[in-house]
Amino acid sequence: MSNVAESLKQLLELSGARSAALVDSSSGMVLSHAGSDAHLEITAAANTEVVRAQLKSLGTLGSDDAIDDILITLSNQYDIVRPLAANPSIFLYLAVDKNKSNLAMARYKVAECERQLEL
Amino acid sequence: MSLESRLVSGLRRSKKEKEPDRPDYSEPDFSGWAQKLDNFIPASKAAAANAAEETADAAPAVAVAEVVEAAPVAKPADDRPSLDAVLAKLLSFDGAMCVAVVDSETGMILGNAGSGVDIDLAAAGASVILRARLASAKALGGEEHIEDVLISLTSQVQIIHPLPKNPSIFTYLIGDKAKSSLAMARFKAAEADLLIQL
């Protein structure tokens with residue numbers, strides 16, 4: 001078990017990692033972050049919208065599925081969003097460089113980090 | 001009834017019902033469209049030129065109907081398959097449940113195949129997701145180019161893949177999580193880019 005700041009720092013050790021954050025999707029606020037991203041607040045808000053939209057869509061569909069993760073491929077970056085199993089309104093966010101990273105590995109690391117996270 | 005044939009019959013109906021003193025709007029000039037499409041698809045330019053000649057030879061009233069039917073399928077001389085054929089091909093990945101081509105601006109489905117999901121609702125939801133992300137990206141100041149969004153749920157995987165040529169239209173794939181490979185479905189979605197013609 002590790003605390004939030006430590007876990008995020010560990011995520012950043014992944015090759016190609018740009019920034020990592022823990023975000024509260026009910027408010028869009030960044031609870032904790034690591035790495036240097038000037039736009040972190042805005043990307044966190046953007047991903048908050050995505051998570052909310054997906055949760056709303058699941059609600060309308062009457063599905064009892066939960067979100068495991070959402071991977072967004074941009075021109076030169078992957079965004080990995082993973083709501084915590086223990087608290088789906090809070091999600092882990094990791095941005096990795098598309099050319100320097102391995103999406104499968106990054107996704108695995110985020111899943112691992114989520115399991116170990118202690119709020 | 002397909003969208004195209006409904007459009008065509010709508011056009012014909014409005015032609016019959018038009019009032020005599022109104023200008024005739026019922027036969028729009030589609031030749032400009034064809035030209036624009038040609039510019040969009042340089043590879044098929046030569047073939048398209050042949051087709052344009054053929055349509056020009058036909059009588060004007062028939063030509064309108066022909067072009068209306070042909071326009072959604074880009075150029076008839078193109079050897080790319082129809083939307084239904086592409087959807088059937090998309091549905092061929094392991095564990096596929098439903099595939100659709102969706103207009104994210106309206107959330108409406110342009111074509112779909114498969115079953116097991118309320119695709120209308122799911123497509124509307126996916127449109128909201130895509131729009132939410134794009135709108136937030138605009139707030140960031142720059143235009144963001146989304147290649148795809150992969151969503152893993154407890155029992156499903158979903159892929160939202162905007163078309164590179166027209167990012168407001170996206171292919172939407174839903175698969176059974178236990179049976180399908182996210183990477184394979186993603187590959188299929190990217191592969192279909194070259195085939196889809198709207």
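Residues numbered from 1 in each chain as written. Chains lettered and ligands numbered in written order. Predicted model: local features only at pLDDT ≥ 70, side-chain atom pairs only at ≥ 80, totals over all residues. Heavy atoms only, no water.

S.K.: Just to check I follow, could you spell out helix α6 (residues 119-139) of chain B for this structure?
M.R.: Owing to its 3.6 residues per turn, the α-helix aligns residues three or four sequence positions apart on the same side. Residues and elements named next belong to chain B. Compared with the 30 Å implied by 1.5 Å per residue over 21 residues, the 30 Å span of α6 between its first and last C-alpha is a close match. Within α6, the full set of buried residues consists of I119, A122, A123, G125, A126, S127, I129, L130, A132, R133, S136 and A137. In the stretch just after α6, G141 is the one whose phi turns positive, near 110 degrees. (Helix = DSSP H or I, 4+ residues; strand = E, 2+ residues; numbered from the N terminus. Expected span 1.5 Å × (residues − 1). Buried < 20%, exposed > 50% of the residue type's maximum accessible area, 1.4 Å probe, protein only.)

S.K.: What is the right way to look at the environment of A126 of chain B in this model?
M.R.: All names here are of chain B. Considering the arrangement of structural elements, one finds A126 in helix α6. Residue class for A126 comes out buried when judged on its relative accessible area of 2%. Remark: the alpha-carbon pair of A126 and G107, spanning 19 residues in sequence, is separated by 7.9 Å. Non-local contacts of A126, meaning those with residues more than four positions away in its chain, are made with I160, F170 and Y172. (Contact = heavy atoms within 4.5 Å.)

S.K.: Got a minute to help me understand the packing of helix α2 (residues 40-61) of chain A against α6 of chain B in this structure?
M.R.: If you want to describe how two helices pack, look at the angle between their axes and the distance between the axes. Between α2 of chain A and α6 of chain B, the least distance of the axes is 8 Å, while the angle of their chain directions is 170 degrees. Judged on the interaxial angle alone, α6 of chain B and α2 of chain A are roughly antiparallel. Only L121, A122, G125, V128, I129, A132, R133 and S136 of chain B of α6 of chain B make contact with α2 of chain A, whose side of the interface consists of I42, A46, N47, E49, V50, A53, Q54, S57, T60 and L61 of chain A. When grouped by side-chain class, the residues that make up the contact of α2 of chain A with α6 of chain B number 10 nonpolar, 6 polar and 2 charged. (Axes fitted to C-alpha atoms, helices over the stretch in contact; angles between N-to-C directions. Parallel < 35°, antiparallel > 145°, perpendicular 65-115°, else oblique. Nonpolar A, V, L, I, M, F, W, Y, C, P; charged D, E, K, R; others polar.)

S.K.: Mind showing me how you'd approach the interface of chain B and chain A here?
M.R.: Think of interface size as the accessible area that goes away when the parts come together; that is how it is often given. Between chain B and chain A, the contact holds 27 residues from the first and 29 residues from the second. For the chain B and chain A pair, buried surface summed over both sides reaches about 2,300 Å², with 58% attributable to carbon and sulfur atoms. Where chain B packs against chain A, one counts 3 salt bridges. In this structure, R133 of chain B engages D79 of chain A in a salt bridge whose closest nitrogen and oxygen atoms are separated by 3.0 Å. One can count 14 residue pairs in polar contact (both at pLDDT 80 or more) joining chain B with chain A. Within the residue set of the side of chain B that touches chain A, elements represented by two or more residues are α6, β3 (146-153), β4 (156-162) and α7 (182-192) of chain B. Partitioned by chemical class, the residues of the side of chain B that touches chain A number 12 nonpolar, 8 polar and 7 charged. As judged from the 7 bridges shared by strand β3 (residues 67-74) of chain A and β3 of chain B, these two strands associate in the antiparallel manner. (Buried area = accessible area lost by both parts, 1.4 Å probe. Salt bridge = Lys/Arg side-chain N within 4 Å of Asp/Glu carboxyl O. Polar contact = N/O pair within 3.5 Å; in protein donor to acceptor, adjacent residues only side chain to side chain. Pairing = 2+ DSSP bridges.)

S.K.: Where do I start with empty space enclosed by the protein in this structure?
M.R.: If you roll a probe as big as a water molecule over the atoms, it shows you where there is empty space left. Residue and element names in this part refer to chain B. Under the definition given, this model contains 1 cavity of 30 Å³ or more. Quantified by volume, the largest cavity comes out at close to 40 Å³. Looking at the largest cavity, the residues that line it are V86, K89, L90, K188, E191, A192 and L195. Among the secondary structure elements, those contributing two or more residues to the lining of the largest cavity are α5 (83-90) and α7. (1 Å grid on protein atoms, 1.4 Å probe; cavity = no way out; pocket = protein on both sides within 12 Å on 5 of 7 lines; lining within 4 Å. Points joined across faces, edges and corners; volume = space filled by probe spheres on them.)

S.K.: Would you mind showing me how to read the sheet that holds strand β5 (residues 169-176) of chain B here?
M.R.: Working definition: the strands of a sheet are paired by backbone hydrogen bonds and lie parallel or antiparallel to each other. A sheet is described by the order of its strands in space; here 10 strands give the open sequence β2(A)-β1(A)-β5(A)-β4(A)-β3(A)-β3(B)-β4(B)-β5(B)-β1(B)-β2(B), paired in antiparallel fashion. For this open sheet the edge positions go to β2 (29-35) of chain A together with β2 (108-114) of chain B, each flanked by a neighbour on one side alone. Neighbour to neighbour, the strand axes of the sheet diverge by 15 degrees on average, direction disregarded. Pairing geometry for strand β1 (residues 96-103) of chain B and β2 of chain B, over 6 bridges, is antiparallel. Bridging from a neighbouring strand, A100 of chain B pairs with N112 of chain B of β2 of chain B. Lying on the sheet, α6 of chain B is in contact with β3 and β4 (77-83) of chain A together with β1, β2, β3, β4 and β5 of chain B; it crosses β5 of chain B at an angle near 125 degrees.

S.K.: Would you mind going over the nonpolar core with me for this structure?
M.R.: Side chains of a nonpolar character, in soluble globular proteins, are inclined to be buried together. Judged by nonpolar contacts, the single largest core of 40 residues is most densely connected at L11, L92 and L94 of chain A together with L173 of chain B. Dropping the residues within four chain positions of it, L94 of chain A is found in contact with L11, L14, A17, S19, A20, Y78, D79, I80, A106 and V110 of chain A. Ranked by size, the runner-up nonpolar core spans 35 residues in total, among them Y93 of chain A together with V117, A122 and I174 of chain B. (Core = buried A, V, L, I, M, F, W, Y, C linked by side-chain atoms within 4.5 Å.)

S.K.: Is there a simple way to explain the environment of V50 of chain A in this structure?
M.R.: You can see V50 of chain A is positioned in helix α2. You can call V50 of chain A buried: its relative accessible area is 2%. Separated by 19 residues in the primary sequence, V50 of chain A and D69 of chain A place their C-alpha atoms 11 Å from one another. Discounting chain neighbours no more than four positions away, the residues touching V50 of chain A are I70 and I72 of chain A together with I129, A132 and R133 of chain B.

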